[in-house]
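# Secondary and tertiary structure notes
Here are the chains, one letter per residue:
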Amino acid sequence: MAQSPEINRTPAEAALADWFAATESGRTGEGPIGEMRAEAFDRFRGQGLPHRRVEAYKYTDLRATLRTLPAAAEPASREAAEAALAAAPVLSGEGFAPARIAIVNGRFVPELSDLDGLDGAVSVHGFSEMFAGSADPALARVGSLAAGVDDPMLALNTALFDDGVVISVTAGATVARAIELLHVVAGDAAVTTMPRHAVFVGEGATVRFLERHEATSDLAHTTNAAIELEVAANASVTWAKLQAEPLAATHVGTMTTTIGTEARFAHLTMTLGAKLARSQIFARVEGEFVEASFDAATFIKGEQHADNTLVIDHKVPNGVSQERFRSVVDDRAQAVVQGRINVWPHAQKTDARMMSNALLLSEGCEAVNKPELEIFADDVQCAHGATSGQIDEQALFYLRSRGIPRRQAERLLIESFLIGAVEGIGDEEISDALSGRMRSALDLG
Amino acid sequence: MTKMLQIKNLHARIDEREILKGIDLEVGAGEVHAIMGPNGSGKSTLSHVLAGRDEYEVTEGQVLFNGVDLLELEPEERAAAGVFLAFQYPIEVPGVANMTFLKTSLNAQRKERGEDAMSTPEFMKLVKGAAEKLNISQEMLRRPVNVGFSGGEKKRNEILQMAVLDPKLAVLDETDSGLDIDALKIVADGVNALRSPDRSFVVITHYQRLLEHIVPDVVHVLAGGRIVKTGGKELALELEARGYADFVEAA
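Just so it is clear, the structure is predicted and the values come from calculations on it, not from any experiment.

Turning our eyes to something else, we now look at the overall build of chain B. When helices and strands are tallied, chain B shows ten helices and twelve strands. For 251 residues, the compact-globule estimate of 2.2 N^0.38 gives 18 Å, and the C-alpha radius of gyration of chain B, at 18 Å, lies within 12% of that figure. Burial status across chain B gives 54% buried among its 251 residues. A sequence separation of at least 24 residues applies to 70% of the contacts in chain B between residues at least 6 apart. Averaging the positions of the 29 positive and the 39 negative side-chain charges in chain B gives two centres separated by 4 Å.

This is the structure in structure tokens:
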């Protein structure tokens with residue numbers, strides 16, 4: 001592979017090049033999905049870490065923030081992995097006991113996972129196990145759902161991911177037990193992890209996922225996670241992501257998803273952690289009569305920066321999507337919302353509505369809203385709106401006049417503001433568990 | 001005996017505009033005082049100043065509540081001291097269940113007063129009893145505060161809060177506005193059930209009809225930011241017959 005001329009490569013970019021050179025694909029272009037990796041790394045190297053002159057990263061300059069990169073994470077010992085998983089906060093919620101896929105240091109740890117009750121309906125395999133020769137046909141499809149999405153961080157993950165899981169949900173299955181993908185980092189040094197998951201939900205299946213990225217230390221980890229999700233026709237998928245990484249960490253998470261005919265998809269991103277976070281979703285509505293919702297609840301303070309980026313492509317007619325972002329920003333924190341709705345030429349009767357509301361709690365905080373609509377069909381309903389405001393004085397007075405002290409009243413109103421997005425997921429168990437986490441975060445606020 | 005509420009020469013303004021221009025009012029324990037007056041006379045301003053809304057600036061005068069300078073207290077401290085304002089336009093609080101709101105309010109007040117939190121069974125019993133009298137369903141108690149409530153439901157909910165929080169002084173700000181006859185009766189019955197020798201009411205209203213149900217001991221006419229006439233309950237009837245025109249001119 002020819003070296004392209006690279007000027008002003010940052011130490012982080014140099015480290016990534018070395019990292020790739022040390023992998024099998026980097027050396028030979030071979031190995032499982034080797035060609036795809038080599039191609040992805042070429043694409044990444046062509047652009048480097050995205051920076052503010054790249055439109056999609058205008059407000060989230062990763063090149064400037066990630067001058068250096070912590071070392072790639074090594075697999076954790078069993079004891080360390082156990083300790084890290086035990087240190088993850090317990091989700092409250094009456095009787096809520098999801099199945100657990102444990103991801104420690106970016107790697108699937110089957111022996112610390114709990115997959116009871118999924119037999120026959122859900123198969124879960126680690127990539128490393130598949131690379132070693134297991135013949136799951138799903139492996140051949142990894143990468144296919146991310147194809148067509150041109151994003152440097154996704155390309156970087158494709159080039160470098162070590163492990164993660166491939167999940168297949170059998171067509172027609174109704175999986176009663178929610179499945180959590182719990183990501184933690186073990187050890188006492190900052191590391192970089194790049195987990196990758198590929199999830200295939202078969203036709204007519206119903207399943208709920210809870211993707212968690214939890215802090216078990218205050219180390220400045222870097223995460224660059226990617227998930228490919230296929231929602232087949234008539235399936236119903238609920239996916240909630242909780243990003244609660246250490247306040248010194250950098251978190252980038254990308255989801256690419258395709259949604260089939262008459263499928264229902266509900267997604268929620270709750271952002272509480274990381275110094276710099278970007279959660280991005282690239283969703284493609286590929287079948288008619290899809291109902292999709294994307295909610296985001298963000299509460300950040302201090303010097304935190306949180307970016308929620310969503311690109312939804314309505315490629316076919318009669319799709320309904322709703323995008324709702326709620327951000328609460330305190331101190332000198334900055335919240336970024338970029339929402340883009342593309343309606344393709346034949347996607348008539350599309351109904352897509354996007355709303356972004358920010359609650360600003362301090363003089364020094366900031367909320368950036370960048371809504372974009374690109375509509376090439378003529379019979380559609382699309383709307384977007386954005387508001388930024390402060391806590392409603394009248395509501396605050398109402399609560400205080402009932403005896404609730406100012407601080408507690410403010411907290412209640414913040415919770416009341418965010419809950420609209422949290423409940424948008426439409427699953428009581430998950431929204432209860434996550435609102436519990438939100439409430440604890442507000443107590444510290 | 002000292003009066004429960006003593007308002008002396010109270011002046012208040014908002015945005016440089018003086019609205020209360022020297023109110024004098026004394027309310028004794030157990031008394032019900034009605035304050036009537038034309039629109040814009042300062043009725044709602046008075047109620048908000050008593051509850052502590054800080055957008056109004058008090059420029060002169062004094063408000064003593066059981067001998068304590070009320071104007072020195074934060075709204076939540078006034079509530080804990082026993083002042084309750086039933087809002088003309090109750091606020092919606094999405095995501096906070098009515099029941100949770102009641103419990104949070106009650107226990108915040110008890111904490112401020114140095115009392116223990118009320119036990120859940122005791123609280124449930126209290127709310128259930130009060131809700132039944134006001135025809136408030138369990139479903140309404142579970143719903144977020146005032147969200148999706150009709151005008152009448154919101155007003156009944158205010159009275160429920162009053163019943164649960166058990167104030168010493170209740171100020172009802174145009175509680176009758178937007179109520180049909182049936183709802184008015186439920187609300188009035190709720191208020192009457194709470195009348196006691198230790199509890200006083202200031203009932204602010206534009207119309208006399210509420211006072212047919214909540215019969216006042218004293219009626220005041222507020223016009224142009226001052227109390228221009230005080231009389232017995234028959235004054236309300238007189239106003240109903242003759243209107244406020246005389247007073248608007250007088251002020």
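What follows continues from the structure just given.
Before going further, it helps to examine the confidence of the model for chain B. For chain B, the average pLDDT comes to 94, and 98% of its residues sit at 70 or higher. Across the whole predicted complex the pTM is 0.90, and at the interface the ipTM reaches 0.96.

Looking now at the packing of aromatic side chains. In total, this model carries ten aromatic pairs over all chains according to the counting rule given. Their ring planes at 55° and their centres at 4.9 Å tell us that A:F127 and A:F161 sit as a pair that is tilted. With a gap of 34 residues between them, A:F127 in helix α6 (residues 127-131) and A:F161 in the loop between α7 (152-160) and β5 (165-169) connect regions that are remote in the sequence. Judged by its relative accessible area of 0%, A:F127 falls in the buried class. Here the aromatic residues A:F397, A:Y398, B:F87 and B:F101 are joined through ring pairs into a cluster of three or more. Of note, A:R37 hangs over the ring of A:F161, and the distance from its end group to the ring centre comes to 4.3 Å. A cation sits over an aromatic face here: A:R326 above A:F417, 5.4 Å from the ring centre.

The subject of this paragraph is the sheet that holds strand β4 (residues 57-65) of chain B. Residues and elements named next belong to chain B. The sheet built from four strands is open, its strands ordered β2-β1-β4-β5 with antiparallel pairing. Two strands close off the open sheet at either side, each with one partner strand: β2 (17-27) and β5 (68-69). Each of β1 (5-14), β2 and β4 is contacted by helix α1 (residues 43-51), which is oriented at about 110° to β1, the strand it contacts most.

To continue, consider empty space enclosed by the protein. Residue and element names in this part refer to chain A. Applying the stated criterion across every chain, the model contains eight cavities of 30 Å³ or more. Estimated volume of the largest cavity: approximately 110 Å³. Along the wall of the largest cavity there are 15 residues; nearest its centre are H183, V184, V185, T223 and E245. Grouping the amino acids of the lining of the largest cavity by side-chain chemistry returns six nonpolar, seven polar and two charged.

Glancing now at the interface of chain A and chain B. Reports of interface size often rely on the accessible area that becomes lost once the parts have come together. Each partner contributes residues to the interface: chain A has 18 residues there, and chain B has 30 residues. It is A:F397, A:Y398 and A:R402 that lose the most area in chain A upon contact with chain B, and together they represent 41% of the buried surface on that side. Taking the shortest distance from any N to any O, the salt bridge between A:R400 and B:E74 comes out at 2.5 Å. The interface formed by chain A and chain B includes eleven residue pairs in polar contact (both at pLDDT 80 or more). Put simply, the parts of the chain that give the side of chain A that touches chain B at least two residues each are α8 (393-401) and α9 (406-422) of chain A. For the side of chain A that touches chain B, the leading source of residues is α8(A), giving eight residues. Residues that form the side of chain A that touches chain B fall into these classes: nine nonpolar, five polar and four charged.

Residues and elements named next belong to chain B. Close contact between helix α3 (residues 98-112) and helix α4 (residues 120-133) brings their axes to 11 Å; oriented N to C, the two are set at 115°. Considering the relative orientation of α3 and α4, their crossing is right-handed. Between α3 and α4, the contacting residues are M99, L102, K103 and L106 on the first element and T120, F123, M124, L126 and V127 on the second. Residue composition of the contact of α3 with α4, by class: seven nonpolar, one polar and one charged.

Here we take up α1(B). Residues and elements named next belong to chain B. Burial analysis of α1 places eight of its nine residues in the buried class, the great majority of the element. Those residues of α1 lying buried are K43, T45, L46, S47, H48, V49, L50 and A51. Of the residues flanking the end of α1, it is G52, one or two places downstream, whose phi is positive at about 105°.

About the cut-offs
Residues numbered from 1 in each chain as written. Chains lettered and ligands numbered in written order. Predicted model: local features only at pLDDT ≥ 70, side-chain atom pairs only at ≥ 80, totals over all residues. Heavy atoms only, no water. Helix = DSSP H or I, 4+ residues; strand = E, 2+ residues; numbered from the N terminus. Rg over C-alpha atoms; globule rule 2.2 N^0.38 Å. Buried < 20%, exposed > 50% of the residue type's maximum accessible area, 1.4 Å probe, protein only. Contact = heavy atoms within 4.5 Å. Lys, Arg positive; Asp, Glu negative; His and termini not counted. Charge placed at Lys NZ, Arg CZ, Asp CG, Glu CD. pLDDT = per-residue confidence, 0-100. Phe/Tyr/Trp six-rings, centres within 6.5 Å; stacked < 30°, edge-to-face > 60°. Lys NZ or Arg CZ within 6 Å of the ring centre and 35° of its normal. Pairing = 2+ DSSP bridges. Axes fitted to C-alpha atoms, helices over the stretch in contact; angles between N-to-C directions. 1 Å grid on protein atoms, 1.4 Å probe; cavity = no way out; pocket = protein on both sides within 12 Å on 5 of 7 lines; lining within 4 Å. Points joined across faces, edges and corners; volume = space filled by probe spheres on them. Nonpolar A, V, L, I, M, F, W, Y, C, P; charged D, E, K, R; others polar. Buried area = accessible area lost by both parts, 1.4 Å probe. Salt bridge = Lys/Arg side-chain N within 4 Å of Asp/Glu carboxyl O. Polar contact = N/O pair within 3.5 Å; in protein donor to acceptor, adjacent residues only side chain to side chain. Left-handed = near helix turned anticlockwise from the far one by under 90°.

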